[in-house]
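# Coordinate analysis (summary)
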Amino acid sequence: MQHPLPRIAIIGTGIAGLASAAQLHAHAAVSLFDKSRGLGGRMATRRSEVARFDHGVSRFSADGDFAAFLQPLIAAGSVAAWSPKTVRLSPQAGINQPRYAALPPRRQWVASPGMSSLGRAVVAQYQFDAVHLGVTVSALETQPDQRMRLLADGQVYEDFDRVIIAMPPAQAAALLPHGAMRQACESVVMQPCHTLMLAAPSPTEVAWDIALVDDPMVEIVIANHQKPSRDGSSAFVVQTNHQWSAQHIDQPVADVGQLIQARLFELFADSLAIEPLRDPESISYQNCHRWLYAAAATPLQNPQGFLFDAASGLGVAGDWCLGTRVRHGFASGTALGAAVKKSL
């Protein structure tokens, strides 16, 4: 008699959750859960009437297993290589003109036509058992048969043999029972970031794709419309320094957006800049987003790259287990997926 496949719930569909799901799809019935309406976690894309913005992760690097994982997505056109023209902007005290220095090009990768496309492409490729979006899991319970159930928005999802939590550590800790895994999650401090999105009505070619800024407020500016397979209006993504965001974390997000925009116009008030970054009247769209859990201040650096308790069937993965980059999230999720697969 053929035995049914083990049932696995994965909470969180960022790269760590997707990597775990890819590891397990041939060995279990995998159900994905995410409180957002879209897939991808911080690999996110905001759409407006005039432009789209990759307002979380702007680009990523890949080698080894991660590069191999991406190959089918590259072949399908869901992921594209990008070697952005990058400059460093160094404003100098007492001088109105900022100093630009070109940096060597380095090949990186973006999802197309937006960063959130990667999650959709992975789900389409692997055809997981179920995908539940816009569902907030509030509690985990152990059933009498030792399997687990998820409580979410008044609904109950039952009979899971394993549960993987691929979320920021504070959110993961809230779902875990008291014990070593919960304590490990609670020990990781995450840093916030604010992202300002600006658009101008018509496309404007910029001499650079990315500007790294030596500034206590603004850390990076990306000409989002110059990434591969982007179209529409000029779209700029501005992300802040973590420490500055932490100092302004309780301010209304709209007010923070105004502060960032004002500083941006100061930084780019020179002849090398372009009109959308010099003149407020040229802006056709402005929005600001706050990421409470943008990056780990000090990653967990667990030698395994994940947390897993075989006795309870609970596991935790995320970039914060190893570092701050997309590749760290992939490595963590892949390693946890392999450990869970071995435990089945």
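Everything discussed here concerns the structure shown above.
The text that follows walks through the structure, step by step, so that each part is easy to find. Here the structure is a predicted model, which means the values were calculated and not measured. In this convention, every chain numbers its residues from 1, walking through the sequence in written order. Whole-chain, interface and lining totals are the exception, using all residues; otherwise, since this is a predicted model, local features are given only for residues with pLDDT of at least 70 and side-chain atom pairs are given and counted only at 80 or more. The side-chain numbers reported here are obtained from all heavy atoms of the structure, hydrogens and water having been left aside.

So, about the packing of aromatic side chains. In summary, the pairing rule links any two rings of Phe, Tyr or Trp, Trp by its six-membered ring, whose centres are within 6.5 Å, and it sorts them by plane angle into stacked for under 30 degrees, edge-to-face for over 60 and tilted for everything else. Following the criterion strictly, the structure yields nine aromatic pairs and no others. Summarising the aromatic geometry, the rings of Phe-33 and Tyr-157 are spaced 5.0 Å apart at their centres and angled 75 degrees between planes, so their arrangement reads as edge-to-face. Residue Phe-33 is located in strand β2 (residues 29-34), and its partner Tyr-157 is located in strand β12 (residues 155-160); the two are separated by 124 residues in the primary sequence. Under the scheme applied here, a residue whose accessible area is under 20% of the maximum for its type counts as buried, over 50% as exposed, and between as partly exposed, the area being computed with a 1.4 Å probe on protein chains only. Look at Phe-33 and you get buried, because its relative accessible area is 0%. Measuring from ring centre to ring centre gives 5.0 Å for Phe-69 and Phe-330, while their planes differ by 50 degrees; the resulting arrangement is tilted. Of this pair, Phe-69 sits in helix α2 (residues 64-75) while Phe-330 sits in helix α8 (residues 326-343); the two residues are 261 residues apart in sequence, bridging distant segments of the chain. The exposure class assigned to Phe-330 is buried, which follows from its relative accessible area of 6%. One aromatic cluster is present, formed by Phe-60, Phe-66, Phe-69, Tyr-126, Phe-128 and Phe-330 through successive ring pairs. Our definition puts a charge over a ring when NZ of Lys or CZ of Arg is within 6 Å of the ring centre and also within 35 degrees of the ring normal. Just above the ring of Phe-160 sits the side chain of Arg-7; from NZ or CZ to the centre is 4.4 Å. Segments assigned H or I by DSSP are reported as helices when at least four residues long, segments assigned E as strands when at least two residues long, and all are numbered from the N terminus.

Another point: the pairing of strand β13 (residues 162-165). A regular strand places its side chains on the two faces of the sheet in alternate fashion. Burial along β13 is two-sided: the face carrying Arg-162 and Ile-164 and the face carrying Val-163 and Ile-165 are both buried. Any two strands between which DSSP finds at least two bridges are classified as paired. Of the strand pairs in this sheet, β13 and strand β20 (residues 314-316) are connected by three bridges, and their pairing is parallel. Bridge pairing in β20 places Val-163 opposite Leu-314.

Now for the sheet that holds strand β15 (residues 210-213). The sheet built from seven strands is open, its strands ordered β7-β6-β15-β16-β17-β14-β18 with mixed pairing. Across the chains shown, the open sheet's two edge strands, defined by having one partner strand only, are β7 (99-103) and β18 (285-296). Each strand of the sheet is rotated relative to its neighbour by a mean of 20 degrees, with strand direction disregarded. Strands in contact with helix α7 (residues 253-267) are β6 (86-90), β14 (190-200), β15, β16 (218-223), β17 (234-240) and β18; relative to β18, the strand with the most contacts, it is inclined by about 100 degrees. Interaxial angle, 0 to 180 degrees, is taken between N-to-C directions of lines fitted to C-alpha atoms, where a helix line uses only the stretch in contact. We call two residues contacting when some pair of their heavy atoms lies within 4.5 Å.

Looking along the chain, the bond that leaves Ser-112 and enters Pro-113 is cis, with omega of 5 degrees. Mapped onto the secondary structure, Pro-113 falls in the loop between β8 (108-111) and α3 (117-126). In this model, Asp-159 sits at a positive phi of 70 degrees, which is unusual for a non-glycine residue. Within the secondary structure, Asp-159 sits in strand β12. Look at Ser-229: it is not a glycine, yet its phi comes out positive at around 65 degrees. In this fold, Ser-229 is placed in the loop between β16 and β17.

As a further point, take the pattern of salt bridges. Salt-bridge detection follows one rule: a side-chain nitrogen of Lys or Arg within 4 Å of a carboxyl oxygen of Asp or Glu. For the structure shown, the criterion picks out 11 salt bridges. A salt bridge links Asp-214 to Arg-88; its shortest N-O distance comes to 2.8 Å. Taken together, the positions of Asp-214 in the loop between β15 and β16 and Arg-88 in strand β6 put the pair 126 residues apart, joining distant regions of the chain. For Arg-88, a relative accessible area of 31% translates into the label partly exposed.

Before going further, it helps to spend a moment on α8. Expected helix span is computed as 1.5 Å times (number of residues minus one). The end-to-end C-alpha separation of α8 is 26 Å, in line with the 26 Å expected for 18 residues at 1.5 Å each. By the burial criterion, the buried members of α8 are Val-326, Gly-329, Phe-330, Ser-332, Gly-333, Thr-334, Leu-336, Gly-337 and Val-340. Its buried side turned inward, α8 meets β1 (7-11), α1 (15-24), α2, β13, β19 (307-309) and β20.

It is worth spelling out the sheet that holds strand β9 (residues 130-133) at this point. Taking strand neighbours across the sheet as the criterion, the six strands line up as β9-β2-β1-β13-β20-β19 in an open arrangement whose pairing is mixed. At either margin of the open sheet sits one strand with a lone partner, and together these are β9 and β19. On average, each strand axis in the sheet is tilted by 15 degrees relative to the strand beside it, whichever way the strands run. Here β2 pairs with β9 via four bridges, running parallel. Within β9, the residue paired with Asp-34 across the bridge is Leu-133.

Turning next to the packing of α1 against α8. Closest axis-to-axis distance for the α1/α8 pair is 7 Å, and the angle between their directions is 35 degrees. Where α1 crosses over α8, the handedness of that crossing is right-handed. Residue-level inspection shows Ile-15, Ala-16, Ala-19, Ser-20, Gln-23 and Leu-24 of α1 in contact with α8, the latter providing Val-326, Gly-329, Phe-330, Gly-333, Thr-334, Leu-336, Gly-337, Ala-338, Val-340 and Lys-341. Under the scheme applied here, ten amino acids are nonpolar (Ala, Val, Leu, Ile, Met, Phe, Trp, Tyr, Cys and Pro), four are charged (Asp, Glu, Lys and Arg), and all others, including Gly, are polar. Across the contact of α1 with α8, the residue classes tally to nine nonpolar, six polar and one charged. Crossings are sorted by hand: turned counterclockwise from the far helix by less than a right angle, the near helix makes the crossing left-handed, and turned clockwise it makes it right-handed.

Let us now look at the nonpolar core. Core analysis: the largest hydrophobic core is formed by 51 residues, its most contacted members being Phe-60, Phe-69 and Leu-118. Here this core gets seven residues from one element, more than from any other, and that element is α1. In contact with Phe-69, other than residues within four places in its own chain, are Ile-15, Ala-22, Val-122, Tyr-126 and Phe-330. Think of a nonpolar core as a cluster: buried Ala, Val, Leu, Ile, Met, Phe, Trp, Tyr and Cys residues, connected wherever their side-chain atoms sit within 4.5 Å. Membership of the second largest hydrophobic core comes to 29 residues, among which are Leu-150, Ala-173, Leu-175 and Val-188.

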